[in-house]
Amino acid sequence: MSVSEPATGAAPVSGHAGLPPEAKAELDEIRRRYPTNEAALLPALHIAQKVWGGWLPDEAIQAVARELDLAPAKVYGVVTFYDLYHQKPVGRHRIRVCTNLSCQLRGSEEIMETLHQELGVGEDEVTPDGRVSYVHFECLGSCDTAPMMMVDETYQENLTPDRVRQILKGLK
Amino acid sequence: MPAFEPVLTRNVGKPEALTLKGYRQLGGYEALAKALKMEPDAIIEEVKKSGLRGRGGAGFSAGLKWSFIPKGKDKPKYLVCNADESEPGTFKDRLLMEYDPHQLIEGCAICCYAVHATTCYIYIRGEYTKAAAILERALKEAYEGGILGDSVMGSGFKLNMWVHRGAGAYICGEETGMLESLEGKRGQPRVKPPFPAVVGAFGSPTVINNVETLCNVPHIIERGADWFKAIGTDERNTGPKLYAISGHVERPGTYEYPIGVTFRELLEGCGGMYKGGNLKAFIPGGASAPILPAEHIDIKMDFDTVAKAGSMLGSAAVMVMDDKTCMVGSVARLAKFFNHESCGQCTPCREGTNWMELVLKRLEHGEGSEADKTLLLSVCNHIGGNSLCALGDAAIGPVKSLVERYPDEIDQHVREKRCPFPRRRYFS
Ligand SMILES: Cc1cc2nc3c(=O)[nH]c(=O)nc-3n(C[C@H](O)[C@H](O)[C@H](O)COP(=O)(O)O)c2cc1C
Ligand code: SF4
Ligand code: FES
């Protein structure tokens, strides 16, 4: 788990001042489910990350903090704790390769190598065209179809290097 | 042994189970209807009598846990269903949610009625977007069909149920880490006591149960504790059980058996070893469980027998390894996992898991020394019993078993200054 200090500084000025109306409506619907504001934070961050293209720049964090009436520092603290929230830009497509034991036993290392060869960038780097980034990941609960990886929100299972190349071709 | 009729997975492969109408045609929600006519305490008694033990890892009696919820009406009560399923090797709860979401909703509803909870959160790991969407759809239908909401099946009992998505952190599977996370915080486990049954979600009494545990409940209510108790090894190990089998087997997957099926039967059931290899070892209960060597092939896979053999049934995630597997490389990967997932609150766990990863990687790369065995054991002893939650103890399980059961393999790495298993590569 990351224990790094949250980034500070003024929010950059850009298109979204706050959450767009649809996102706000979605969040309002979810907030009713909890007795506290704070409990809606994880759902709010999921929503914001979608709005901001897969990661949470400072302005997204500020917007969520304002929306839920929480201190931005508190929101940063939560963002840094969880693996699914990102504080730097990711590729248009995000690949997570499970390399935990069951996948390791069935060849996940080869999958990582194939991605490296095909994409020409290292782990957690974005391809120059902004198309893809990949990382190794912990068990994704699909060990019976090892080796496997998650491409955006879809599980790609029973992988081989050839299958990985084919999947990469399909990512625009 | 007469053929075992699946209980928990009986609707798997029947797409109609995904809809409320289809689930009801398959006999669904009859147990809930029956439960709503019973006294809540009688339900708790029945579940206690059934011997149902938690399927999330610790194996605690579900009925007993429910009975700890105070009876007073001054505070709301909650059920939090643990659908975090992040223990490496485990994928059984995903199957239950993706193929039979109403079975889980029904189990949760019966539990809520029994403990007077009026809100249930299903805390599902953030990566399970498909299962979450299926559950959301099923919940929507359940609200529209009067199964949830202001009057559950017309009984006047009010119940809300929501899906709450996590965001990628194994520690949120630990029950108090989960409560923190549900409340919108970093998922760092709480000091116990107070226990969640008294001070849980939002300061109120809370039951936390695993998905599979709750899926057993409708069947216990419908067919009775005596039926349930007749399945399994003995009165302490009862009921049907899902085993998630992965690694070097021909047909990995989730298999349902009476609890206490032998490992040999499990292996035969999934087509034997991958490409006809030889069994070297297996982990019976997820990454937290100590490794068992092949000589344990006839072990009964129930809570008490596996514990007696020096491991644990845990989540019954069975990881199988053939004789071309490097145990050092395997355990190094698990150590890397625990180091990544330690929440960092307790020094022994935070520092110790870091050390274990470092030393095991060094050994795997042929850069270790024989003294590293002593070092690993000493790190284990520092963590054991000195950490706030069970992650610390879980992290030392596989490492200790490596040093105690495979010392020669470690020495061989040191002597040859390389991993003697060239055929497979190990991530590090
Ligand atoms: C580090 C850690 C991770 C855990 N992960 C899970 C999990 O993913 N799913 C689960 O059901 N229980 C998990 N548990 C066990 C829970 O703390 C808790 O015992 C369980 O949810 C209780 O439900 P049960 O009695 O029905 O098994 C974990 C425990 C620890 C210490
Ligand atoms: S034992 Fe480890 S994971 Fe558990 S609370 Fe302490 S530091 Fe966190
Ligand atoms: S180990 Fe890869 S999905 Fe579980």
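Residues numbered from 1 in each chain as written. Chains lettered and ligands numbered in written order. Predicted model: local features only at pLDDT ≥ 70, side-chain atom pairs only at ≥ 80, totals over all residues. Heavy atoms only, no water.

S.K.: Honestly, the site of ligand 2 in this entry has me stumped. Any pointers?
M.R.: Lining the immediate surroundings of ligand 2 are 13 residues, of which Cys343(B), Cys346(B), Cys349(B), Ser387(B) and Cys389(B) lie closest. Residue composition of the shell around ligand 2, grouped by class: eight nonpolar, five polar and no charged. (Near = heavy atom within 4 Å. Nonpolar A, V, L, I, M, F, W, Y, C, P; charged D, E, K, R; others polar.)

S.K.: Got a minute to help me understand the nonpolar core in this structure?
M.R.: Residues and elements named next belong to chain B. Ranked by internal contacts, the top residues of the largest apolar core, which has 155 residues, are Trp66, Leu104, Met161 and Met356. Per element, the largest residue contribution to this core is ten residues, and it comes from helix H6 (residues 101-115). Membership of the second largest hydrophobic core comes to 24 residues, among which are Ile259, Leu267, Cys270 and Val320. (Core = buried A, V, L, I, M, F, W, Y, C linked by side-chain atoms within 4.5 Å. Buried < 20%, exposed > 50% of the residue type's maximum accessible area, 1.4 Å probe, protein only. Helix = DSSP H or I, 4+ residues; strand = E, 2+ residues; numbered from the N terminus.)

S.K.: Just to check I follow, could you spell out the site of ligand 1 for this structure?
M.R.: Residues and elements named next belong to chain B. Taken together, the neighbourhood of ligand 1 is formed by 18 residues, with Gly56, Asn82, Asn209, Asn210 and Thr213 sitting nearest. Contacts to ligand 1 include serine 86, whose backbone N or O atom sits 3.3 Å from an oxygen atom. For ligand 1, whose unbound accessible area comes to 620 Å², protein coverage reaches 90%. When contributions to the shell around ligand 1 are tallied by element, the ones reaching two or more residues are strand S4 (206-210) and helix H16 (390-405). (Polar contact = N/O pair within 3.5 Å; in protein donor to acceptor, adjacent residues only side chain to side chain. Areas by Shrake-Rupley, 256 points an atom, 1.4 Å probe, with all protein chains shown as cover.)

S.K.: Would you take a moment to explain the domain arrangement of chain A for this structure?
M.R.: Reports of interface size often rely on the accessible area that becomes lost once the parts have come together. Residue and element names in this part refer to chain A. Looking at the assigned domains, one finds that chain A contains domain 1 (1-89) and domain 2 (93-169). Counting residues at the interface gives five residues for domain 1, matched by five residues for domain 2. With both sides pooled, the region where domain 1 packs onto domain 2 buries about 380 Å², and carbon together with sulfur makes up 52% of that total. For domain 1, the biggest contributors to the area lost against domain 2 are Leu84, His86 and Lys88; these three give 70% of the whole. Put simply, domain 1 and domain 2 have one salt bridge between them. Of the charged contacts, one joins lysine 88 and aspartate 124 as a salt bridge, the two residues approaching to 3.8 Å between their closest N and O atoms. At the junction of domain 1 and domain 2, the tally comes to one residue pair in polar contact (both at pLDDT 80 or more). By residue class, the composition of the side of domain 1 that touches domain 2 is two nonpolar, one polar and two charged. (Domains from an automatic or database assignment. Contact = heavy atoms within 4.5 Å. Buried area = accessible area lost by both parts, 1.4 Å probe. Salt bridge = Lys/Arg side-chain N within 4 Å of Asp/Glu carboxyl O.)

S.K.: Explanation requested: the environment of Phe282(B) in the structure shown.
M.R.: All names here are of chain B. Looking at the element boundaries, phenylalanine 282 is found in strand S9 (residues 279-283). Here the alpha-carbon distance between phenylalanine 282 and aspartate 304, two residues 22 residues apart in the chain, equals 17 Å. In this structure, phenylalanine 282 is in contact with Phe263, Ile291, Leu292, Pro293, His296, Ile297, Ile299, Met301, Met319, Val320 and Met321, ignoring residues within four places of it in sequence.

S.K.: Would you mind going over the domain arrangement of chain B with me for this structure?
M.R.: Residues and elements named next belong to chain B. Along its sequence, chain B is organised into domain 1 (15-230), domain 2 (238-322) and domain 3 (327-416). Distance between the C-alpha centres of domain 1 and domain 2: 27 Å. The interface of domain 1 with domain 2 comprises 22 residues on the first partner and 21 residues on the second. Across the domain 1/domain 2 interface, buried area totals approximately 1600 Å², and carbon plus sulfur atoms make up 58% of it. Seen at the junction of domain 1 and domain 2, the total is two salt bridges. As a salt-bridge pair, glutamate 212 and lysine 241 come within 2.9 Å of each other at their nearest N and O atoms. Elements represented by at least two residues in the side of domain 1 that touches domain 2 include exactly helix H5 (92-99), helix H9 (211-223) and helix H10 (225-229). Among the elements that make up the side of domain 1 that touches domain 2, the one with the highest residue count is H5 (three residues). Residues belonging to the side of domain 1 that touches domain 2 are distributed by class as follows: seven nonpolar, nine polar and six charged.

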